[in-house]
Amino acid sequence: MRTFADYKGAGDDVIEDVSYYFFSTETGDWNYAEKACVGRGGYLLEVDTNEENIEIEGYLLPLTSAIGFWIGARRNAKTESSFIWSHSGRSLTFQNWHQGEPNNAGGNEDCVHIFYPLGDYMD
Ligand SMILES: [Ca+2]
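All of the points below concern the structure found in this document. (Residues numbered from 1 in each chain as written. Predicted model: local features only at pLDDT ≥ 70, side-chain atom pairs only at ≥ 80, totals over all residues.)

**Quick word on the overall build of the chain**
Next, step 1: From N to C terminus, the chain includes 2 helices and 7 strands.
Next, step 2: Ordered by position from N to C terminus, the α and β elements of the chain give β-β-α-β-α-β-β-β-β.
Next, step 3: Out of the 123 residues in the chain, the part that is buried amounts to 24%.
Next, step 4: Restricting the contact set of the chain to residue pairs at least 6 apart, pairs at least 24 apart contribute 59%. (Helix = DSSP H or I, 4+ residues; strand = E, 2+ residues; numbered from the N terminus. Buried ≥ 20, exposed ≤ 12 C-beta atoms within 10 Å, placed from the backbone. Contact = placed C-beta atoms within 7 Å.)

**Notes on the pairing of strand β4 (residues 68-75)**
Next, step 1: In terms of burial, β4 is largely enclosed, as 6 of its 8 residues are buried.
Next, step 2: Taken together, the 4 bridges between β4 and strand β6 (residues 111-115) define a ladder with antiparallel strand orientation. Paired with Gly 68 across the bridge in β6 is Phe 115.
Next, step 3: In the sheet, β4 pairs with strand β5 (residues 83-85) via 3 bridges, with the strands oriented antiparallel. Within β5, the residue paired with Arg 74 across the bridge is Ile 84. (Pairing = 2+ DSSP bridges.)

**Topic: the environment of Tyr 121**
Next, step 1: Inspection of the secondary structure puts Tyr 121 in strand β7 (residues 120-122).
Next, step 2: Residues Tyr 121 and Ile 71 lie 50 residues apart in sequence; the distance between their C-alpha atoms is 8.9 Å.
Next, step 3: Once you skip the residues sitting within four places of it in the chain, Tyr 121 turns out to touch Ala 73, Gln 95, Asn 96, Trp 97, His 98, Glu 101, Val 112, Ile 114 and Phe 115.

**Comments concerning unusual backbone geometry**
Next, step 1: In this model, Glu 101 is joined to Pro 102 through a cis peptide bond whose omega is -5°.
Next, step 2: With a phi angle near 45°, Asn 104 is a residue other than glycine that sits in the positive phi range.

Laid out in structure tokens, this is it:
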């Protein structure tokens, strides 16, 4: 899975609500992706609205070789039944699960990726 970082701009104190998205060609597991994003000064993508998800889908479409990108959602270790954004610790206010997801296949799907090209989420 590739990494998908959500960078907050250096000018956040001047320009609020500006995000910079970075699509990495690196592959690795979710923990690797999170570290790679933090190492670049960002964090794994957190999506707040359908409008933002539609914007992300627009960025995914030209990436024809991609199959999915890790995003910042992961299963809440306390409840095991819900998901939170790892960077902010917030609950997911917007969710775009693929049909039948999240299904925790094999009891081993704690992390979430965004599915190319639909912009759907899968655990
Ligand atoms: Ca799944």
